[in-house]
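# Remarks on the overall topology
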Amino acid sequence: IEECLSNQHTHKSCAKVFCNPWERCVDGKCLCKLPYQCPKNGSSVCSTNGRHLPTYCHLKTYECQRPEAKFLHKGKCKSKATFSVSLGQGDLSLLQVKPVDQKTDFFVCASEWTMNEANVACRHLGFESGAEYQKANSRITEPALNLLHCLQITCRGLETSLAECHIEMKTRDCDEGLISLQCHENLRACSDGEFTCVNKKCIPLNKACDGVNDCGDLSDELCCRDCRGNSFHCRSGICIPSKNVCNQEVDCLTGEDEAKLLCAGFLLKYNGYLNSETHFFLFVKERKIIKTLLPQVHCGLRNHTLTRRKRIIGGQNATKGEFPWQVAIKETTNEGTTVYCGGVYIGGCWVLTAAHCVRANRVHQYRVWVAMLDSIRYNSEVDTFRLNKLIIHEKYNASTYENDIALLELRSSGKGECSPKYTTPACVPWSEYMFNTGDTCKVSGWGLEEGFAKPNFLKWGNVNLFQNCSELYPGRFFKQMACAGTYDGSIDSCKGDSGGPLVCFDAENVAYVWGIVSWGENCGEAGHPGVYTKVASYYDWISHHVTRSLISRYNV
């Protein structure tokens, strides 16, 4: 947790959150796209500076360049249409809002109002850090108009204008409070009982990890061991509000908030509510529409159900379709059918492997076998490819195995395509927080068996991710490495498995290549887990060479 906090994660950190669909992940940060990168389909909108834009996505990218151009209303711009937010004078500082379709200001109901909404209101008023605090005032003695009605406002929490939130007029209950606000202006040193937000705001410690974006930049919800109240804990250590669970939009990096098993009963129970207009208000609804229009990457799925098996050393054989991303690498100079190294297909013409498996000057001697199980028996479904290009990481260190990663570009057929028929790409993880210590993942390959015999058949085994192997391998285990094995050493990768994949699965059983078999000691012995190149650490390097759109499931 301390390491996570030191990384200063916010709502713009794509290692922790999904970027908005009008943003893309660049060097770990969500940055705005240019307007031409938005889908052309969608409803037109009007900005506060009177500009008519073709879609909400275009408006948000335009707002990045012109922050004063916030969302005003859907459709073509209307003359004299205004949306205003103001804070009353005096001790109460009551919040007043005039929606586009109303002629007067209204106070805001306290029901369903949280710091999520308070931060949006203060951002709307020009306070970038959001709100200092908000409170409900039920006994209002000063004479005021419109006390019979108030506005009920619900926000996601990351909007820049209250106009993007869901607003509805309601008759005020006689004892219902009205919202007053204090926006955050002055920085101060936080006390021991407070959490220091990345934007330097101070919030009470008991407000961190409760699913509410109290900081305004989400930094109080991104490094959590557990979550308070009824908020939902994602495996990547973030807390989301319970209303975001099973809302048909993935918030957790590995999708557990929308897992079919979790949501089956939930959706039946809340179906009417979930499909109502009030739940999918503008910001949420438009985000979802834009996401459906963005290109989709299909990876990590297979048409086979895995069963439990033991050890890759002496393990049972894989069957057809179990590991459709697994490839074999062979050198033509070697006689026989021995697999030289493994690799993992990631889509298009590209295969990931370990740098120590290949040499740049031998690029024309390598062959990549795809959809192969048995390295001896002929199978008509096996494709064999020559290489077009070989890219070894420029900082690969052969003596320490640092940056032990390489890309192989398969030579395409005459039609310019090289998508193998009987294979499926594994997904490439973009965040180091997607899988954690203790998670069970799967390693596969044609490596040495027990007694160091060489198998002909693809084998696999379950291994657990270990926290940190720097104590087991002092001075040789680095940050971009991962280690995995079993506590008794019964399952391990071994020589010949090198370059092959360690795959971990998300809540919907989508496979991510978490590691590439790199090195280890005394394979199959307790206390000597296998060491892998951690693929998430090289997401930007991979996407630079293969193009981001090929491997980006999200954050395109």
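If you're wondering where the values come from, they're calculated on a predicted model, not measured in any experiment.

## Some details on the side chain of E164
Here E164 is to be found in the loop between β10 (149-154) and β11 (166-171). A polar contact of 2.8 Å, which involves the side chain of E164, links it to the side chain of K60.

## So, the pairing of strand β29 (residues 530-534)
Most of β29 is tucked away: five of the five residues are buried. Here strand β26 (residues 481-485) runs beside β29; their pairing, made up of four bridges, is antiparallel. When the bridges of β29 are listed, A482 appears paired with Y532. The pairing of strand β28 (residues 511-519) with β29 spans four bridges and is antiparallel. Bridge assignment links I516 to a residue of β29, and that residue is T533.

## Some details on the pairing of strand β27 (residues 501-505)
Among the five residues of β27, five are classified as buried, and the element is accordingly described as predominantly covered. Side chains of β27 alternate between two faces, with P501, V503 and F505 and L502 and C504 buried alike. Here β27 folds back onto β28 in antiparallel fashion, the turn holding five residues, of which N509 has a positive phi close to 65°.

## With respect to the sheet that holds strand β18 (residues 341-347)
Pairing is antiparallel across the open sheet formed by seven strands, whose spatial order is β21-β20-β17-β18-β19-β23-β22. Across the chains shown, the open sheet's two edge strands, defined by having one partner strand only, are β21 (383-385) and β22 (387-392). Taken over all neighbouring pairs, the strand axes of this sheet differ in orientation by 30° on average, direction set aside.

## Some thoughts on the sheet that holds strand β4 (residues 52-53)
The antiparallel open sheet is built from three strands, whose spatial order is β4-β3-β5. Each edge of the open sheet is held by one strand with a lone partner, namely β4 and β5 (71-74). Summarising the sheet, strand β3 (residues 45-47) and β4 pair through two bridges and their orientation is antiparallel. In the sheet register, C46 faces β4, and the bridge partner there is H52. Contacts from helix α2 (residues 56-65) reach β3, β4 and β5, with the element oriented near 20° to β3.

Rules of the game
Residues numbered from 1 in each chain as written. Predicted model: local features only at pLDDT ≥ 70, side-chain atom pairs only at ≥ 80, totals over all residues. Heavy atoms only, no water. Helix = DSSP H or I, 4+ residues; strand = E, 2+ residues; numbered from the N terminus. Polar contact = N/O pair within 3.5 Å; in protein donor to acceptor, adjacent residues only side chain to side chain. Buried < 20%, exposed > 50% of the residue type's maximum accessible area, 1.4 Å probe, protein only. Pairing = 2+ DSSP bridges. Axes fitted to C-alpha atoms, helices over the stretch in contact; angles between N-to-C directions. Contact = heavy atoms within 4.5 Å.

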